[in-house]
Amino acid sequence: MSSATRTYYVTTPIYYVNDSPHIGHAYTSLACDVLARFLRLDGYKVHFLTGTDEHGQKVEKAAAAAGRDPKLFTDEVSQRFRDLAVLMDYSNDDFIRTTEPRHITSCQHLWNAIKANGHIYLGKYAGWYSVRDEAFYAEDELRPGPNNQKIAPSGAPVEWVEEPSYFFDLSKWQDRLLKFYDENPDFIAPESRRNEVVSFVKNGLQDLSVSRTSFKWGVPVPNDPAHIMYVWLDALTNYITAAGYPETDSPMYRTFWPAALHMVGKDIVRFHAVYWPAFLMAAGVAPPRRVFAHGWWTNEGQKISKSLGNVIDPIQLVEKYGLDQVRYFLLREVPFGNDGDFSHTAMVRRSNADLANDYGNLVQRVLSMINRNCAAKVPANGALNDKDRAFIGQTDVVLRDMRTHVQRQEFHLALDRHAEVVAAANRYVDEQAPWTLKKTDPARMEAVLYTLAETIRRLAVLSQPFMPRASARILDQLTVPASTRDFAIAFGPAAALSPGTELPAPNPIFPRYVETAA
Ligand code: MSP
């Protein structure tokens, strides 16, 4: 396949606009952003989608509680998610809102396609519903809670609902779904989530209520507007809306659907890995290629919740520690897929140890030595020996390894590989001691500093997806043109630093975080 034909459509979940964004939302989108940036630099045509989930009872209730009209309320809260994308430097290509006309059209079209194929019928729903999860639950999934209430597995309260409803014939999809999982072993990751989904489906599926009649805030069912589409059917459809559905002949749709990856949190795997492929197959639309479910963050050991008052605000985090530091921490601290704990101590430790002391210090000491000892010019490389060349060359292998890790959503392992070279380069500085060579062997000093500067250039190219701003500053300090920062060019022979090029005075990249008295 030629590089021009490689495409990748990556999506975040669309966020409920009942409340302001918090670290959990920032995390899911960050992972997608790193993936999108990495693949663009690697020659892919990427489409990165995020957006907001604006219908349903949960949002309707939040608007009512705020004394606001739902449309105006969702306009305002949705904007906060757009602002977050700017703050976090997400490179999304589109931002979808489920209240947009393009999406209403798409939902109704999908509904009609499923119905025309005989998979939707009218009935009456009598059962448990959780507004917080926007999910239906069977009796045996619930446990007793306080005041004789029943509680969903997520801890959310449920209420009894009885109303006319359309149903999707999910019970008939068990075998087809199991066959689909079997034929597509990479469809759900990590493995633990895959096992969970397979056993859920093996236990048998019940038909799913896909419309509600007791409230209005949603997409009307075609030809029966007393019914509002179930908010998850509405929400999941965003992924094809943004790919141009129902224009299935459009270049956009043909290029990007089926999506390469839906990134989600572990709480919403069932919707994405069971309901969504069933809806799509029922409509005759190809299912996405992969769903990756990441873990959840706690705050200093506690579950994050509004009622506990311990919600972590990404804006405050970025103000306090710096954007690239936060981006790095979130993806480096915890193996992607596992749960993680946010703590001030861990954040400061990571930032100071890995960024200020290791990566930042490497850049600063090498560029300062070049500034002082090589007349602020890229050093000569005539005296490079095999060891120097091999040292630079190890980054070719690191690019390959990082590529594999990122493709598998192993962001922590990609960063590990990067950190290994940073550590090796710091050792190289100490071993080669270029400062002692200035008088004894200036040509050798230049070769050592050239080796290090060239390694730093490659490290900065590789860290761009994770820490775009800091990496750009390092590349600027090496006067690397913007046009030579993608992987194919940056790792090609023509991009190597050119001896004699004048360099600006170095500036520290990652400041040490120092505790200030309250
Ligand atoms: N609206 C639905 C998704 C519809 S997608 C078709 C929804 N929205 S949400 O706003 O509640 O959550 C969005 C994402 O944030 C989920 O992937 C969820 O897992 C993630 N997180 C919410 N809290 C989290 C943590 N404490 N930690 C990590 N991620 C968490 O679900």
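Structure first, text after, so check above.
Please read all numbers here as calculations on a predicted model, not as lab measurements.

Applying the stated criterion to the full structure yields 37 salt bridges. As a salt-bridge pair, Arg 97 and Glu 54 come within 2.7 Å of each other at their nearest N and O atoms. Highlighted residues: Arg 97 in strand β4 (residues 94-97) and Glu 54 in the loop between β3 (45-53) and α2 (57-65), separated in sequence by 43 residues. Glu 54 carries the same exposure label as Arg 97, and that label is buried. Beyond isolated ion pairs, a larger network of salt bridges with shared partners links Asp 33, Arg 37, Asp 89, Arg 327 and Arg 469.

Pairing between the strands of a sheet is mediated by backbone hydrogen bonds and can be parallel or antiparallel. Ordered in space as β6-β5-β9-β11, the four strands form an open sheet in which the pairing is antiparallel. Only two strands of the sheet have a single partner each, and these edge strands are β6 (135-137) and β11 (208-209). Note that strand β9 (residues 159-168) and β11 share two bridges and pair antiparallel. Pairing of Phe 168 across the sheet is with Leu 208, part of β11. Contacts from helix α10 (residues 269-283) reach β6, β9 and β11 within the one sheet, and its direction differs from that of β9 by about 35°.

Below, the discussion takes up the site of the ligand. For the ligand, the set of nearby residues contains 23 residues, the closest of which are Ile 14, Asp 53, Gly 265, Asp 267 and Trp 297. A distance of 2.7 Å separates a nitrogen atom of the ligand from a polar atom in the side chain of Asp 53. Here Trp 297 contributes a backbone N or O atom positioned 2.9 Å from a nitrogen atom of the ligand. Starting from 660 Å² of accessible surface for the ligand in isolation, the protein chains cover 95%. For the shell around the ligand, the per-class residue count stands at twelve nonpolar, nine polar and two charged.

On to the layout of surface pockets. Any empty space left between the atoms is revealed when a probe the size of a water molecule rolls over them. Its boundaries defined by the atoms lining it, the second largest pocket holds a volume of some 520 Å³. When residues of the lining of the second largest pocket are traced back to their parent elements, those giving at least two are β1 (7-11), β10 (188-189) and α9 (251-256). Here the residues of the lining of the second largest pocket are counted per class, giving 14 nonpolar, four polar and seven charged.

Thresholds applied
- Residues numbered from 1 in each chain as written.
- Predicted model: local features only at pLDDT ≥ 70, side-chain atom pairs only at ≥ 80, totals over all residues.
- Heavy atoms only, no water.
- Salt bridge = Lys/Arg side-chain N within 4 Å of Asp/Glu carboxyl O.
- Helix = DSSP H or I, 4+ residues; strand = E, 2+ residues; numbered from the N terminus.
- Buried < 20%, exposed > 50% of the residue type's maximum accessible area, 1.4 Å probe, protein only.
- Pairing = 2+ DSSP bridges.
- Contact = heavy atoms within 4.5 Å.
- Axes fitted to C-alpha atoms, helices over the stretch in contact; angles between N-to-C directions.
- Near = heavy atom within 4 Å.
- Polar contact = N/O pair within 3.5 Å; in protein donor to acceptor, adjacent residues only side chain to side chain.
- Areas by Shrake-Rupley, 256 points an atom, 1.4 Å probe, with all protein chains shown as cover.
- Nonpolar A, V, L, I, M, F, W, Y, C, P; charged D, E, K, R; others polar.
- 1 Å grid on protein atoms, 1.4 Å probe; cavity = no way out; pocket = protein on both sides within 12 Å on 5 of 7 lines; lining within 4 Å.
- Points joined across faces, edges and corners; volume = space filled by probe spheres on them.

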